[in-house]
Amino acid sequence: APVHEGHFGCGLQIFRNFYGSDLIGHGGGIMGGTSYLALIPEHRVGAVFLSNAHGYPMGQLAMVALARMLGESPQNLSFLRIERVLARLAGSYASFRNTIRAEVTPVGDLLRFTIRYRHEDRSSILIPLHLSEDVARFQTFSNARSMEVEFRLDDDGISLLFERYKFRKRCA
């Protein structure tokens, strides 16, 4: 999978190892308009995106376009992989005998985790630590302390482990 560590030089950001080549780009925006310029000089390809609205980041759209120009699958881009994993984890969860419920909602590159106890709801933000096809670990802060939340994905569905609780993802 491509690594997207960025470096700056002469106002342009350099992404090393974008499908084996250096991607050079820069974006910007002002008063509702956004833009992004991306080049891969080694392959003599580039993309320019201009928009008069906000939405999906222009740099990400440019990376998808460049991946296609190189004949690569955009699905291998890290931001799309993360988006897929977070979408898969999103949903309603319940503890044993449905005594406690939880909701997981994507918020950008993070998850919002809300536990619904009998007399109160408690929400926190989950920050990704490790994402794979079978385990996803997140950092959160609850009751003034740092703790991990773990999702386990297997053939039986998705389990969520938090504090002393185990939740199972409920079918839609």
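Here's a quick rundown of the structure. Because the structure is predicted, anything quoted here is derived from the model rather than measured. (Residues numbered from 1 in each chain as written. Predicted model: local features only at pLDDT ≥ 70, side-chain atom pairs only at ≥ 80, totals over all residues. Heavy atoms only, no water.)

Looking only at helices and strands, the chain features two helices and 13 strands. Scaling as 2.2 N^0.38, a compact globule of 172 residues should have a C-alpha radius of gyration of about 16 Å, whereas the chain reaches 20 Å, well beyond that. Viewed in the frame of its principal axes, the chain has a C-alpha envelope of about 60 × 40 × 30 Å. The buried share of the chain, reckoned over its 172 residues, is 35%. (Helix = DSSP H or I, 4+ residues; strand = E, 2+ residues; numbered from the N terminus. Rg over C-alpha atoms; globule rule 2.2 N^0.38 Å. Buried < 20%, exposed > 50% of the residue type's maximum accessible area, 1.4 Å probe, protein only.)

Our next topic: the pairing of strand β13 (residues 165-169). Alignment of strand β6 (residues 91-94) against β13, held across two bridges, turns out to be antiparallel. Bridging across to β13, A94 finds its partner in R168. Note that strand β12 (residues 157-162) and β13 share four bridges and pair antiparallel. Bridging from a neighbouring strand, L161 pairs with K166 of β13. (Pairing = 2+ DSSP bridges.)

For the rest of this paragraph, the subject is the pairing of strand β7 (residues 101-107). It is a general feature of regular strands that their side chains alternate between the two faces of the sheet. Where β6 lies against β7, four bridges are found, and the strand directions are antiparallel. Note on β7: the bridge partner recorded for S92 is E103. Pairing geometry for β7 and strand β8 (residues 110-116), over seven bridges, is antiparallel. Across the sheet, residue A102 finds its bridge partner in β8, namely I115.

Our focus in this paragraph is the sheet that holds strand β10 (residues 135-142). The eight strands lie next to each other as β6-β7-β8-β9-β10-β11-β12-β13, forming a closed barrel whose pairing is antiparallel. Taken over all neighbouring pairs, the strand axes of this sheet differ in orientation by 30° on average, direction set aside. (Axes fitted to C-alpha atoms, helices over the stretch in contact; angles between N-to-C directions.)

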